[in-house]
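# Structural features, examined
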Amino acid sequence: MFLVGLSGGIATGKSTVVAVLRELGCAVIDADVIAREVVQPHFKAHQQIVRYFGTEILLENGEINREALGNIIFSHPEKRQLLNSITHPEIQKEMLKQILKYFVLGYRYVILDIPLLFETKRLTKFMKYTVLVYCDPPTQLSRLMKRNGLSQAEAEARVASQLPLEEKRKLATHVIDNSGDRESTRRQVLRLHARLEDSLDFLWARLAAGAVVAGLGGLVYLLLRHFIS
């Protein structure tokens, strides 16, 4: 089994690509979903965040007010680093658990949906392949304005806060161009899936694992025959 890192830019349509991958039965681990889960009450990260940022960031039900916490870390880079130092280890542990689960289930590869994959760069070294969901800048801006009800200036500011798509494109091993319609994107995802499924990467490891399993099975069979006879 190998890992495939999936990322994109704001309003490039990564969720559309993920939906197609799930339809195909692919194993997809969503880092955003995990990030929301590990800061729920009774989790270690939640307790640490409250300890360092205070109870004023909590909602009435005890959950973290993401908007209030976001306002704090947006204007204080050192506090953003502190928050990352709390949440990232917990996120990575949960991702590892899910990767191991899919390994045991025999999946060919696992897709890690990580929005800031190319910005952080720490996790790319663990990926056999990286995939960027791309769309041309005018389409990206138009989609963002329509989706979030933003002015052009506001949308441009959001886009500018991320690593440019052209830079990410240079870093990715595969690119899904989502500038067109859904069917065009779907065809590209199908081709990528077929290519990954047919990949011979780590074939030696799979053959070795198969040989070990077969050998153990044969040994068990011989032992059973010996004791039965």
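Described below are features of the structure shown in this document. Note that the coordinates shown come from a computational prediction; the quantities given were computed from them, not determined experimentally.

## Some words on the overall build of the protein
Along its length, the protein carries eleven helices and five strands. At a minimum sequence separation of 6, the contacts of the protein that also span at least 24 residues come to 71%. Carbon and sulfur atoms provide 58% of the accessible area of the protein, an area that totals close to 13,900 Å².

## Describing the pattern of salt bridges
A side chain of one charge can pair with a side chain of the opposite charge when the charged atoms of the two come close. Going through the model one piece at a time under the given rule, you end up with six salt bridges. Between R186 and E23 there is a salt bridge whose closest N-O contact spans 2.7 Å. Of this pair, R186 sits in helix α10 (residues 182-197) while E23 sits in helix α1 (residues 14-23), and the two are 163 residues apart along the sequence. On the accessibility criterion, R186 (25% relative accessible area) is partly exposed.

## Structural notes on the pairing of strand β1 (residues 2-8)
In terms of residue burial, β1 counts as a mostly covered element, since seven of its seven residues are buried. Alternating positions in β1 separate into two faces, F2, V4, L6 and G8 on one and L3, G5 and S7 on the other, with burial throughout. Summarising the sheet, β1 and strand β3 (residues 109-113) pair through five bridges and their orientation is parallel. Residue L3 lies in a different strand from β3, and its bridge partner there is V110.

## Quick notes on the environment of L196
Mapped onto the elements, L196 comes out in helix α10. The residues touching L196, leaving out its near neighbours within four places in the chain, are F2, V4, R108, Y109 and Y129.

## Here we look at the pairing of strand β4 (residues 129-134)
Most of β4 is tucked away: six of the six residues are buried. Because side chains alternate across β4, one face comprises the buried residues Y129, V131 and V133, and the other comprises T130, L132 and Y134, equally buried. Bridge analysis of β1 against β4 gives five bridges, and the strand direction is parallel. Residue pairing for β4: V4 is matched across the bridge by Y129. In terms of strand pairing, β4 meets strand β5 (residues 174-177) through four bridges, oriented parallel. Bridging across to β5, V131 finds its partner in H174.

## Some points on α10
With 16 residues, α10 extends 22 Å between its outermost C-alpha atoms, agreeing within 8% with the 22 Å of an ideal straight helix rising 1.5 Å per residue. If you follow the buried residues of α10, they end up packed against β1, α1, β3, β4 and β5.

## Details of unusual backbone geometry
Glycine aside, residues mostly have negative phi, and peptide bonds are mostly found in the trans state. Backbone geometry at H42 places phi at a positive 80 degrees, although glycine is not the residue there. On the secondary structure map, H42 appears in the loop between α2 (31-37) and α3 (44-53). Assessed through its relative accessible area of 79%, H42 is described here as exposed. Phi is positive for K121, close to 70 degrees, though the residue is something other than glycine. Of note, K121 is situated in the loop between α6 (117-120) and β4.

## Some details on the sheet that holds β3
The strand order β2-β3-β1-β4-β5 describes an open sheet built from five strands, whose pairing is parallel. Every other strand in the sheet has two partners, leaving β2 (27-30) and β5 as the edge strands with one partner each. Strand-to-strand twist in this sheet, taken as the mean axis angle between neighbours without regard to direction, amounts to 25 degrees. Here β2 pairs with β3 via four bridges, running parallel.

## A look at the side chain of S7
Relative to the elements of secondary structure, S7 occurs in strand β1. Once residues within four sequence positions are removed from consideration, S7 is found in contact with K14, I114, P115, L116, L117, F118, V131, L132 and V133.

## Considerations on the nonpolar core
Counting 31 residues, the largest nonpolar core has I29, I49, L69, M95, L112 and I114 as the members making the most contacts within it. If you list the elements that add at least two residues to this core, you get β2, α2, α3, α4 (66-75), α5 (77-104), β3, α6 and β4. Among the elements that make up this core, the one with the highest residue count is α5 (six residues). Once residues lying within four places of it in the same chain are set aside, the contact partners of L112 are L3, V4, G5, L6, I29, M95, I99 and M127. V4, L21, C26 and V28 belong to the second largest nonpolar core, which has 18 residues in total.

Procedures and definitions
- Residues numbered from 1 in each chain as written.
- Predicted model: local features only at pLDDT ≥ 70, side-chain atom pairs only at ≥ 80, totals over all residues.
- Heavy atoms only, no water.
- Helix = DSSP H or I, 4+ residues; strand = E, 2+ residues; numbered from the N terminus.
- Contact = heavy atoms within 4.5 Å.
- Areas by Shrake-Rupley, 256 points an atom, 1.4 Å probe, with all protein chains shown as cover.
- Salt bridge = Lys/Arg side-chain N within 4 Å of Asp/Glu carboxyl O.
- Buried < 20%, exposed > 50% of the residue type's maximum accessible area, 1.4 Å probe, protein only.
- Pairing = 2+ DSSP bridges.
- Expected span 1.5 Å × (residues − 1).
- Axes fitted to C-alpha atoms, helices over the stretch in contact; angles between N-to-C directions.
- Core = buried A, V, L, I, M, F, W, Y, C linked by side-chain atoms within 4.5 Å.

By themselves, these are just geometric observations and shouldn't be taken as functional.
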